[in-house]
Amino acid sequence: MTVTALPTPVLRVSDVTKSYHLRTPLATRLARGADDHSSLRALDGVDLHLRKGEILALVGESGSGKSTLAKILVGSATPSSGSVEYHGEPMPARRDRNDSRRIQMVFQDPYSSLNPRISVGSMLRELLVLHKVVPRSEVRAESIRLLNLVGLEEDALDAFPSQFSGGQRQRLAIARALAVRPDILIADEPVSALDVSVQATILDLFARLRRELGLSILFVAHNLAVVQHLSDRVAVMYLGRIVEVADTAELFANPRHPYTRALIDSIPRMTAGSVNEEFVLEGEPPSPFDVPRGCRFNPRCPYATDECRTIDPALAEFSAGHETACLRADDLDPFQAAPEHAAPEHATPDARSTTL
Ligand SMILES: Nc1ncnc2c1ncn2[C@@H]1O[C@H](COP(=O)(O)OP(=O)(O)OP(=O)(O)O)[C@@H](O)[C@H]1O
Ligand code: SF4
Ligand SMILES: [Mg+2]
C-alpha cells in the first residue's frame, strides 16, 4: 500500500491554551477560596491546522474563543501554552515585520478598523512604502490594482472611509490586508456587521481571492449558514475547544457531535429534511470561569450519560478527515430526533430552549 504524505499545513496550532487573569483584590480572592473565579480559560487545548489554499470556517457561539484564537494566529495575543507553526516551523513569540506581514487580519467592523482621517490612497501608500512592496514609482499603480482586486475603482483613492457604504468599507479593509501580500487571511466575522444583501457579495469576494491569489483563509463566523457554501472545511468550537472538524459537506450530512447538530438545526430552513427538526439547544453556554466536569457540553446535551459527566473526550478521528470530541460519536444517528433532555438544575426556565 502506498502512503502519500499530506502536505505541511500553512498554519498549525497544537494544544494551545489562553488564560486571562482578572484583577481582583487579594483579599477578595482569599475570601472566595475555592470559589474564586478570577481567571478564565478562553482556549483550553486547541488543535487545528489550516491547509494551503483552503477556506477553513471556525464556528461557535459567542464567547467560545474564536477571536482569541484569531488574535493568537495573527500574533496580537500570545498563547499561555502550546505552539503555533507556520509552514512547519515554530512561529516566534515576538514576530518581526516579515512574520507579521504573512498573516493578515480582517475584522468584523470595517469602520472602526479604518482610520477615518486618512484617505484610502494615503492608507495604501503608507503600507506599500513601509513594507517596500513595490518601488515608490509603482505605488499608485499598485494601489489601483489592489482596489480593482476587491471590486473598487481608482477614484476611491482620494476618498475617506466615511464616504463608503459598509460593504465597500469591508472591501477597503480587505485591500489593506492584501497590500502587504500575505499568504494567509484571518477573517474574524467579516460579514456579521453587514446587511444580509451585502454579505453574499463579500463572501463571493473571499471565494474569488482564494481562487485568484491562492490564499489560505480562516473564516470566523458564529453561524454555520454563512459558511456553508464558502468553506472547504469547518471547525466547530465550544467553550475553548474544537469539538468537531470535517469537510463542509461531510459535516452537514453527518454531524457527529450533538453541538454541531444543534448548530445545523438552528439554520433557518428553506427546505424540508433537516438533520433533526426536534433538536433545539437547551441552556446558556456555561461560563469559561466554570467549565463543566467531564465533557464540557454535557449540561446541554440530550445524549449525556454518567460517563459524559466524568470523562473529558479528546478530539479523535471518526473517519478520514473527520474528527469529533464526543464519547458517543458512533451511537448518534444524525437523522433521528434527539431524546427528551432534562434541563440541568442551574438552567433557568427561559434558558431551556435557547436557539443559537
Ligand atoms: N482581554 C480579555 N480579558 C478577559 N477575558 C477575555 C478577554 N478577551 C476575551 N475574553 C474572554 O474569553 C472568552 C472568549 O472570548 P472571545 O472573544 O475569544 O470569544 P468569541 O468566540 O470571539 O465570541 P464572539 O462571538 O462574541 O466574538 C470570553 O469569555 C471572553 O469574555
Ligand atoms: S460526550 Fe456525551 S455529553 Fe459530550 S457531546 Fe458526546 S454524548 Fe454529549
Ligand atoms: Mg469574536
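Definitions and cut-offs
- Residues numbered from 1 in each chain as written.
- Chains lettered and ligands numbered in written order.
- Predicted model: local features only at pLDDT ≥ 70, side-chain atom pairs only at ≥ 80, totals over all residues.
- Heavy atoms only, no water.
- UniProt positions renumbered as here; feature names shortened; annotations may be inferred.
- Near = heavy atom within 4 Å.
- Polar contact = N/O pair within 3.5 Å; in protein donor to acceptor, adjacent residues only side chain to side chain.
- Areas by Shrake-Rupley, 256 points an atom, 1.4 Å probe, with all protein chains shown as cover.
- Helix = DSSP H or I, 4+ residues; strand = E, 2+ residues; numbered from the N terminus.
- Nonpolar A, V, L, I, M, F, W, Y, C, P; charged D, E, K, R; others polar.
- Pairing = 2+ DSSP bridges.
- Core = buried A, V, L, I, M, F, W, Y, C linked by side-chain atoms within 4.5 Å.
- Buried < 20%, exposed > 50% of the residue type's maximum accessible area, 1.4 Å probe, protein only.
- Domains from an automatic or database assignment.
- Axes fitted to C-alpha atoms, helices over the stretch in contact; angles between N-to-C directions.
- Parallel < 35°, antiparallel > 145°, perpendicular 65-115°, else oblique.
- Left-handed = near helix turned anticlockwise from the far one by under 90°.
- Contact = heavy atoms within 4.5 Å.

Looking at an unreviewed UniProt entry, one finds the chain named ATP-binding cassette domain-containing protein and attributed to Frondihabitans peucedani. UniProt, in its Sequence similarities (unreviewed entry) section for the chain, records the words "Belongs to the ABC transporter superfamily."

**Student:** Quick rundown of the site of ligand 1? Include the residues and the values.
**Tutor:** Among the 14 residues in the neighbourhood of ligand 1, the closest are listed as Ser 62, Gly 63, Lys 66, Ser 67 and Thr 68. For ligand 1, an oxygen atom lies 2.8 Å from a polar atom in the side chain of Lys 66. Residue Ser 67 places a side-chain N or O atom 2.8 Å away from an oxygen atom belonging to ligand 1. The fraction of the free accessible surface of ligand 1 (640 Å²) that becomes covered by protein chains is 66%. Here the shell around ligand 1 gets three residues from one element, more than from any other, and that element is helix α2 (residues 66-74). Of the residues belonging to the shell around ligand 1, the class tally is five nonpolar, six polar and three charged.

**Student:** Quick one: what's the story with the pairing of strand β11 (residues 316-319), residue by residue and with numbers?
**Tutor:** Across three bridges, β11 lies against strand β12 (residues 322-324) in antiparallel orientation. Across the sheet, Glu 317 pairs through a bridge with Glu 323, a residue of β12. In sequence, β11 turns back onto β12 through a hairpin of two residues, with Gly 321 there showing a positive phi of about 80°.

**Student:** Quick one: what's the story with unusual backbone geometry, residue by residue and with numbers?
**Tutor:** The backbone phi angle of Lys 132 is positive, close to 50°, even though this residue is not glycine. Tracing the chain through its elements places Lys 132 in the loop between α4 (120-130) and α5 (139-149).

**Student:** Run through the nonpolar core, naming residues and quoting values.
**Tutor:** Counting 72 residues, the largest nonpolar core has Ile 174, Leu 178, Phe 206, Phe 219 and Leu 224 as the members making the most contacts within it. Residue contributions to this core peak at seven residues, all from helix α6 (residues 166-179). Here this core gathers at least three residues from each of two domains, domain 1 (8-21 + 39-231) and domain 2 (254-356). Among the nonpolar cores identified, the runner-up in size contains 29 residues, and Leu 43, Ile 72, Ile 184 and Met 237 belong to it.

**Student:** Which residues make up α2, and what are the values?
**Tutor:** With respect to burial, α2 is a largely interior element, seven of its nine residues being buried. Remark: Gly 75 follows α2 within two positions and exhibits a positive phi of approximately 85°.

**Student:** A description of the packing of α4 against α6 should follow, citing residues and the corresponding values.
**Tutor:** The N-to-C vectors of α4 and α6 enclose an angle of 20°; their axes lie 9 Å apart at closest approach. Here α4 lies roughly parallel to α6, going by the angle between them. At the point where α4 passes α6, the crossing takes the right-handed sense. Contacts between α4 and α6 pair Val 120, Met 123, Leu 124, Leu 127 and Leu 128 from the former with Leu 172, Ala 175, Arg 176 and Ala 179 from the latter. In terms of residue class, the contact of α4 with α6 is built from eight nonpolar, no polar and one charged.

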